[in-house]
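Observations on chain architecture
Letter by letter, the chains look like this.
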Amino acid sequence: MIANASTPEIVATVIFAIALIHTFSTKFFAELAHRESRHAGLWHLLAEVEVVFGFWAFVLIAALFFLTGKEAAVDYMEARNFTEPAFVFVIMVIAASRPILFTVINLVRLVAMAIPIPRALAVYFLCLSLVPLLGSFITEPAAMTLAALMLRDRYYQYEISNRLKYATLGVLFVNISIGGTLTHFAAPPVLMVAAKWQWDSLFMFSHFGWKAAIAVVANALAVSWFFRHEIVAKGRVEAAVGSARMPLSVASIHLAFLVGVVLFAHHPIIFMGLFLFFLGYTEAYKQHQDRLILREGLLVAFFLAGLVVLGGLQRWWLQETLLGVEPDVLYFLATALTAITDNAALTYLASLVDGVSPEFQYAVVAGAVTGGGLTLIANAPNPAGASILKASFDDGAVSPLGLLFAALPPTMVAIFAFKALG
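These numbers come from a predicted model, not from an experiment. (Residues numbered from 1 in each chain as written. Predicted model: local features only at pLDDT ≥ 70, side-chain atom pairs only at ≥ 80, totals over all residues. Heavy atoms only, no water.)

1. Description of the overall build of the protein chain
We apply this condition: To qualify as a helix, a DSSP run of H or I must reach at least 4 residues; to qualify as a strand, a run of E must reach at least 2; elements of each kind are numbered from the N terminus. As a reference, a globule follows 2.2 Å times the number of residues to the power 0.38, and the radius of gyration itself is taken over C-alpha atoms. Think of it in three bands: residues with accessible area under 20% of the maximum for their type are buried, residues over 50% are exposed, and the middle band is partly exposed, with areas taken using a 1.4 Å probe on protein chains only. Working rule for contacts: check all heavy atoms of both residues, and any pair within 4.5 Å makes them a contact. Only the protein chains shown count as cover for residues, and all accessible areas are computed by the Shrake-Rupley method using a 1.4 Å probe.
Counting secondary structure elements, the protein chain contains 23 helices and zero strands. Its C-alpha radius of gyration of 21 Å places the protein chain within 12% of the 22 Å reference for a compact globule of 422 residues. Seen through its principal axes, the protein chain has C-alpha atoms that stretch 60 × 60 × 40 Å. Residues classed as buried in the protein chain amount to 56% of the 422 residues present. A separation of at least 24 residues holds for 81% of the contacts in the protein chain among residues at least 6 apart in sequence. As displayed, the protein chain has an accessible area near 17,900 Å², and 68% of this comes from carbon and sulfur atoms.

In structure tokens, the structure reads:
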């Protein structure tokens, strides 16, 4: 493999490895910011997980300018597809708006009333089950944003234990990753292969969706039962979302913007136009709005754009790693690789391999979504959830190791679902 790699590819892989190490070292930079006041701003910047891949992407581009020249470096950047980072930014901002959040909260409350358990526990369970499954229809980034906001406002800000915070985050990330597989258009790793492999929503539900739904419910039930006493004692079901009233017309218009962006998710000119129209609408009706999460959305987009830039030169070793592997081994290999690469990038590279068997296709996609909760970079919506919830954690940051250990149990449930069922 190394013999076939060019110098820029090897340099890009080294920088990618450094960026991965950096994601596990953000706490060090946060502590450095407190000790070294002279450059505290720089250290605080490098302590932001969302900044890591964007920062090292700039380093890579500088290296490409030196190694290949200006024209080749610019051509490489222009060949990258930044639709997904732009889409995640737009869908995060719209999904987090007060009318959308108000609508989903009322839906969750309505369903919670039918569950014969304490309301705080029922709402918590639905945030980790119903909302992730809604991701199959409103997209995973939107579902992640809504679930994270509801969990933050009802549980995280009320001094719940670190064990519950990380357990919740692990289940949320895993359930969002697998919960988007009921359809062929909502999960980024599925989108990368659906057209080429001719997978429609019926195929997705019959091969992936029903298994994922069982795993999602099982994970949500397990964490809800294990922490039931703390959830009931500290949860706040009636957390305020701006005004207690929301005109139906305003909520409907926001939902129309959300649906429009989802329908044109692959057409950035259209969904960015809709987003600009949305910004104008929110300005015209300020009384029904809260602060839009523009900063948080831009940071997440920066993170994902950096991943696109760094990931574009990893094909030389990723694709070689996937070739010639038995489907059962490939499933676990894809799960592990997802933890250190974006799962959509992994399935995209797999889609470039011609003449693969249906068993190969299933193993790659199932493994990619199974491992989507193990790290912040494993699935595109993860940085969105982390950016919303991180202020509730120690030092205002999510520990990568804490997330990894918390995500392992629900990941094992997903493995059982995709390997043992049907």
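2. Examining the environment of proline 8
Looking at where proline 8 falls in the secondary structure, it is placed in helix α1 (residues 7-23). Residue class for proline 8 comes out buried when judged on its relative accessible area of 18%. Placed 52 residues apart in sequence, proline 8 and leucine 60 show a C-alpha to C-alpha distance of 9.0 Å. Discounting residues that sit within four places of it in the chain, proline 8 has contacts with Leu64, Leu67, Thr68 and Leu313.

3. Quick look at the packing of helix α6 (residues 83-95) against helix α10 (residues 140-154)
For clarity, the threshold we go by: Axes here refer to lines fitted to C-alpha atoms; in helices the fit is confined to the stretch in contact. Angles between the N-to-C directions go from 0 to 180 degrees. With respect to orientation, any angle under 35 degrees is reported as roughly parallel, any angle over 145 as roughly antiparallel, any angle of 65 to 115 as roughly perpendicular, and every other angle as oblique. Two helices crossing with the near one rotated counterclockwise from the far one by less than a right angle form a left-handed crossing, whereas a clockwise rotation gives a right-handed crossing. Residue polarity is assigned by list, with Asp, Glu, Lys and Arg as charged and Ala, Val, Leu, Ile, Met, Phe, Trp, Tyr, Cys and Pro as nonpolar; anything else, Gly included, falls into the polar class.
Taken N-terminus to C-terminus, the directions of α6 and α10 make an angle of 40 degrees; their axes are 9 Å apart at the nearest point. When the interaxial angle is binned, α6 and α10 end up oblique. Where α6 crosses over α10, the two elements pack in a sense that is right-handed. Of the residues in α10, those in contact with Phe87, Val88, Ile91, Met92 and Ala95 of α6 are Pro141, Ala142, Thr145 and Leu146. In the contact of α6 with α10, the residues fall into eight nonpolar, one polar and no charged.

4. Quick look at the packing of aromatic side chains
As a reminder, the rule being used: The criterion for an aromatic pair is that two Phe, Tyr or Trp rings (for Trp, the six-membered ring) have centres within 6.5 Å, with stacked assigned to planes under 30 degrees apart, edge-to-face to planes over 60 apart and tilted to the rest. Placement of a charge over a ring requires the Lys NZ or Arg CZ to be within 6 Å of the ring centre, with the centre-to-atom vector within 35 degrees of the ring normal.
The final tally for this structure, using the stated rule, is 23 aromatic pairs. Arranged with centres 5.9 Å apart and planes meeting at 75 degrees, the rings of phenylalanine 87 and phenylalanine 271 form a pair that is edge-to-face. Note that phenylalanine 87 is positioned in helix α6 and phenylalanine 271 in helix α16 (residues 268-284), a separation of 184 residues in sequence. Grouping residues by exposure puts phenylalanine 87 and phenylalanine 271 together as buried. Taken together, the ring pairs connect Phe89, Phe257, Phe275, Phe277, Phe278, Tyr281 and Tyr285 into an aromatic cluster. Over the ring of tryptophan 225 we find arginine 228, and its NZ or CZ is 3.7 Å from the ring centre.

5. Considering helix α19 (residues 327-338)
For clarity, the threshold we go by: An expected span of 1.5 Å times one less than the residue number is assigned to each helix.
For α19, spanning twelve residues, the distance from its first C-alpha to its last is 16 Å, which sits close to the expected 16 Å at 1.5 Å a residue. Every buried residue of α19 is accounted for by Leu330, Tyr331, Ala334, Thr335, Leu337 and Thr338. Looking at the buried positions of α19, the neighbouring elements they touch are α18 (315-322), α20 (343-351), α21 (358-370) and α23 (400-420).

6. Regarding α1
With 17 residues, α1 ought to run about 24 Å at 1.5 Å a step, and its terminal C-alpha atoms sit 25 Å apart, in line with that. Turning to α1, its buried residues are Pro8, Glu9, Ala12, Thr13, Ile15, Phe16, Ala19, Leu20, His22 and Thr23. Against α2 (26-35), α3 (40-46), α4 (49-68), α17 (294-311), α18 and α23 lie the buried residues of α1.

7. Quick word on unusual backbone geometry
Leave glycine aside and you will find that most residues have negative phi; peptide bonds, for their part, are mostly trans. Of note in the backbone geometry, threonine 139 takes a positive phi value of approximately 85 degrees without being a glycine. Inspection of the secondary structure assignment puts threonine 139 in the loop between α9 (130-138) and α10. Its identity as a non-glycine residue notwithstanding, glutamate 159 has a phi of 55 degrees, on the positive side. According to the relative accessible area criterion, glutamate 159 is exposed, its value standing at 67%.

8. Details of a nonpolar patch on the surface
Stated precisely, the cut-off is as follows: Nonpolar side chains (Val, Leu, Ile, Met, Phe, Trp, Tyr) are joined into patches within 5 Å and like charges within 9 Å, using only residues with over 30% relative accessible area and no salt bridge. Salt bridges are counted wherever a side-chain nitrogen of Lys or Arg sits within 4 Å of a carboxyl oxygen of Asp or Glu.
Together, Val259, Leu263, Phe264, Ile269 and Ile270 line one region of the surface with nonpolar side chains, adding up to about 510 Å² of accessible area. Those elements that place two or more of their residues in the nonpolar patch are α15 (248-263) and α16. Within the element layout of this structure, isoleucine 269 appears in helix α16. Taking relative accessible area as the criterion, isoleucine 269 reaches 76% and is therefore assigned exposed.

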